[in-house]
Amino acid sequence: MTLDEKIDCKCGGYKYTYYADTGMVSVCFKCGRFYVEGFSKRVEEYFRDDPEIILHLIQEGHLRPLTDDV
């Protein structure tokens, strides 16, 4: 994935990508779909069980926008 690559969502919206260490999560704020890569299975389960955790981690700065490191 390149930093300027758009990730289209099935709903017609756009997924924004955030990262922490080696993990990334792409979130569509229009419909709520998300894709997780690089996190442990346990963390992925937490995200699936309570997706609001992702929003909290973004708000607290633990998940940072992928484009911040350009």
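Residues numbered from 1 in each chain as written. Predicted model: local features only at pLDDT ≥ 70, side-chain atom pairs only at ≥ 80, totals over all residues. Heavy atoms only, no water.

Caption draft 1: The state of the cysteines, seen in detail. Tallied over the entire structure, the rule returns 0 disulfides. Left without a disulfide partner, C9 is nearest to the cysteine sulfur of C31, which lies 3.6 Å away. A residue is classified by how much of its surface remains accessible, and C9, at 8% relative accessible area, is buried. Sulfur of C28: no disulfide; nearest cysteine sulfur belongs to C11 and is 3.6 Å away. (Disulfide = S-S within 2.5 Å. Buried < 20%, exposed > 50% of the residue type's maximum accessible area, 1.4 Å probe, protein only.)

Caption draft 2: Representation of a negative patch on the surface within the structure. A cluster of acidic residues, E45, D49, D50 and E52, forms a negative patch at the surface. Counting through the fold element by element, D49 comes out in helix α1 (residues 41-49). Taking the relative accessible area as the measure of exposure, D49 reaches 66% and is therefore exposed. (Patch = residues over 30% accessible without salt bridge, like charges linked within 9 Å, V, L, I, M, F, W, Y side chains within 5 Å. Areas by Shrake-Rupley, 256 points an atom, 1.4 Å probe, with all protein chains shown as cover. Salt bridge = Lys/Arg side-chain N within 4 Å of Asp/Glu carboxyl O. Lys, Arg positive; Asp, Glu negative; His and termini not counted. Charge placed at Lys NZ, Arg CZ, Asp CG, Glu CD. Helix = DSSP H or I, 4+ residues; strand = E, 2+ residues; numbered from the N terminus.)

Caption draft 3: Representation of the packing of aromatic side chains. Taken as a whole and judged by the stated rule, the model has 4 aromatic pairs. Ring geometry for Y16 and F29: centres 5.8 Å apart, planes at 40 degrees, overall tilted. Note that Y16 is positioned in strand β2 (residues 14-20) and F29 in the loop between β3 (23-28) and β4 (34-37), a separation of 13 residues in sequence. For Y16, a relative accessible area of 41% translates into the label partly exposed. Looking at F29, the relative accessible area reads 43%, which means it is partly exposed. Chaining the aromatic ring pairs together yields one cluster made of Y14, Y16, Y18 and F29. (Phe/Tyr/Trp six-rings, centres within 6.5 Å; stacked < 30°, edge-to-face > 60°.)

Caption draft 4: Looking closely at a nonpolar patch on the surface. Together, Y16, F29 and L55 make up a nonpolar patch on the protein surface, roughly 290 Å² of accessible area in all. Topologically, L55 is positioned in helix α2 (residues 52-59).

Caption draft 5: How the structure looks around unusual backbone geometry. One non-glycine residue, D21, lies in positive phi territory at about 55 degrees. Within the fold, D21 resides in the loop between β2 and β3.

Caption draft 6: Here's a closer look at the nonpolar core. Core analysis: the largest hydrophobic core is formed by 10 residues, namely Y18, A20, V25, V27, V36, F39, F47, I54, I58 and L63. Mapped by element, the contributors of at least two residues to this core are β2, β3 and α2. Those residues in contact with F47 that sit more than four places away from it in its chain are F34, V36, F39, I53, I54 and L57. (Core = buried A, V, L, I, M, F, W, Y, C linked by side-chain atoms within 4.5 Å. Contact = heavy atoms within 4.5 Å.)

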